[in-house]
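# A look at the structure
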Amino acid sequence: MRERKPAKGSQNDTRTRIINAAIELFNDYGFDETTIPMICEKAKVSKTTLHYYFRTKDRLFQAIFADIVREIFPRIQVILEKETPFMERLNAVIDEYMALFRANPALPQFIIGEIQRDVHHLIRVLHELEVEGYICTIKRRLVDEIRRGDLRRVPLRDFFLTFYSLVIFPTLTRNLIETLMLEDGEHYDDFIRQWKRRTLTQVGYLLLNTDDRTDVDRMVETTLGPATENLQPTALE
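Report follows, based on the coordinates. (Residues numbered from 1 in each chain as written. Predicted model: local features only at pLDDT ≥ 70, side-chain atom pairs only at ≥ 80, totals over all residues. Heavy atoms only, no water.)

### Some thoughts on the overall build of the protein chain
If you tally the helices and strands in the protein chain, you get eleven helices and zero strands. The secondary structure elements of the protein chain, listed N-terminal to C-terminal, are α-α-α-α-α-α-α-α-α-α-α. The dimensions of the protein chain, computed from C-alpha atoms along their principal axes, are 70 × 45 × 35 Å. When contacts within the protein chain are restricted to residue pairs at least 6 apart in sequence, long-range pairs at least 24 apart make up 72% of them. In the form shown here, the protein chain has an accessible surface area of approximately 14,900 Å², with 52% of it arising from carbon and sulfur atoms. When the 34 basic and 37 acidic side-chain charges of the protein chain are each reduced to a single mean position, those positions are 8 Å apart. (Helix = DSSP H or I, 4+ residues; strand = E, 2+ residues; numbered from the N terminus. Contact = heavy atoms within 4.5 Å. Areas by Shrake-Rupley, 256 points an atom, 1.4 Å probe, with all protein chains shown as cover. Lys, Arg positive; Asp, Glu negative; His and termini not counted. Charge placed at Lys NZ, Arg CZ, Asp CG, Glu CD.)

### Some remarks on a nonpolar patch on the surface
A cluster of nonpolar residues, Ile112, Ile115, Val119, Ile123, Phe169 and Leu172, forms a patch on the protein surface that exposes about 490 Å² of accessible area. Counting residues per element, the ones that place at least two in the nonpolar patch are helix H6 (107-128) and helix H8 (156-172). If one sorts the elements of the nonpolar patch by residue count, H6 sits on top with four residues. In this structure, isoleucine 112 sits in helix H6. (Patch = residues over 30% accessible without salt bridge, like charges linked within 9 Å, V, L, I, M, F, W, Y side chains within 5 Å. Salt bridge = Lys/Arg side-chain N within 4 Å of Asp/Glu carboxyl O.)

### A word on the packing of helix H4 (residues 57-81) against helix H5 (residues 86-103)
Where H4 meets H5, the axes come as close as 9 Å, and the angle between the chain directions of the two elements is 170°. On the basis of the axis angle, H4 is roughly antiparallel to H5. In terms of crossing hand, the pair formed by H4 and H5 is right-handed. Side by side, H4 and H5 meet where Ile68, Glu71, Ile72, Phe73, Arg75, Ile76, Ile79 and Leu80 of the first sit next to Arg89, Ala92, Val93, Glu96, Tyr97 and Leu100 of the second. Taken together, the residues that form the contact of H4 with H5 break down as ten nonpolar, no polar and four charged. (Axes fitted to C-alpha atoms, helices over the stretch in contact; angles between N-to-C directions. Parallel < 35°, antiparallel > 145°, perpendicular 65-115°, else oblique. Left-handed = near helix turned anticlockwise from the far one by under 90°. Nonpolar A, V, L, I, M, F, W, Y, C, P; charged D, E, K, R; others polar.)

### Overview of the side chain of aspartate 190
Tracing the backbone shows aspartate 190 in helix H10 (residues 188-207). Residue class for aspartate 190 comes out buried when judged on its relative accessible area of 15%. Polar contacts involving the side chain of aspartate 190 include one to the side chain of arginine 193, which spans 2.4 Å. (Buried < 20%, exposed > 50% of the residue type's maximum accessible area, 1.4 Å probe, protein only. Polar contact = N/O pair within 3.5 Å; in protein donor to acceptor, adjacent residues only side chain to side chain.)

### Let's talk about the pattern of salt bridges
Counted under the stated rule, the structure contains 16 salt bridges. Here arginine 140 makes a salt bridge to glutamate 81, at a shortest N to O gap of 3.2 Å. Linking arginine 140 in helix H7 (residues 131-148) with glutamate 81 in helix H4, this pair joins segments that are 59 residues apart in sequence. Look at arginine 140 and you get partly exposed, because its relative accessible area is 42%. Note that glutamate 145 and arginine 89 form a salt bridge whose closest N and O atoms lie 2.7 Å from each other. Taken as a pair, glutamate 145 in helix H7 and arginine 89 in helix H5 lie far apart in primary sequence, 56 residues in all.

### As for the side chain of histidine 121
Assignment of secondary structure puts histidine 121 in helix H6. The class for histidine 121 is buried, based on a relative accessible area of 4%. Looking at histidine 121, its side chain comes within polar contact range of the side chain of aspartate 58, at 3.0 Å. Setting aside its immediate chain neighbours within four residues, histidine 121 contacts Phe31, Asp58 and Phe61.

### Some remarks on the nonpolar core
Formed by 65 residues in total, the largest nonpolar core has its most connected members in Ile18, Phe65, Tyr97, Phe110 and Phe163. Those residues in contact with tyrosine 97, other than ones at most four positions away along the chain, are Ile72, Phe73, Ile76, Phe163, Tyr164 and Val167. (Core = buried A, V, L, I, M, F, W, Y, C linked by side-chain atoms within 4.5 Å.)

### Observations regarding the packing of aromatic side chains
With the rule as written, the count across this model stands at 18 aromatic pairs. Their ring planes at 45° and their centres at 5.5 Å tell us that phenylalanine 26 and phenylalanine 31 sit as a pair that is tilted. Phenylalanine 26 sits in the buried class, given a relative accessible area of 3%. Geometrically, the ring pair formed by tyrosine 97 and phenylalanine 101 is tilted, given 6.2 Å between the ring centres and 40° between the ring planes. Placement of both tyrosine 97 and phenylalanine 101 in helix H5 is noted, with a separation of four residues, approximately one turn of the helix. The two residues tyrosine 97 and phenylalanine 101 agree in class, both being buried. (Phe/Tyr/Trp six-rings, centres within 6.5 Å; stacked < 30°, edge-to-face > 60°.)

Taken by themselves, the reported measurements are silent on function.
Pasting the structure below:
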């Protein structure tokens, strides 16, 4: 007896369940060791249903990154094209990434795992998704800011590593942060709000064309408002 195709009303839920199951298994076992039957069992779908959405495991892997690319890169592109102060745009970009990782907390570990497992496979998938077009647009916008004198000339890798380590690492280490690093009465969301200010400040120190850090601090305060005195982390002494 032929299996019926999923009803339209349930297609998004089923597809999401398959993708979430695949991400979890790819995290635990890696791409090569994860099998289609494992994904079917985890997602509680038949092999026929899985193949209705994704013909191969590679297509499923690609779909995970396609969702990320379609969700975040166009929005970042729109933000950077706005004629607003750079720190406001940077703040909006940080918001986009933090919202993405809040909604998909397994994504950072999955991405890091795939970089370690087979970076060439990951690069090939991103190439097939034509990510270079978005990256070139973002890079061009930053170069325009440099030529106008608003940003300093910084190696791209310095910006890439600084920005993404600040944005991704708190999600990767959430269990450690919640166990050892929160003050009395502080919650993880409180920490993230403070960390966002720290991220904006550190990237501002790196990029903004000023040698006076108080200029950057003032821009951060203009963008985010004054820092609250509540739940300030204990300083090193």
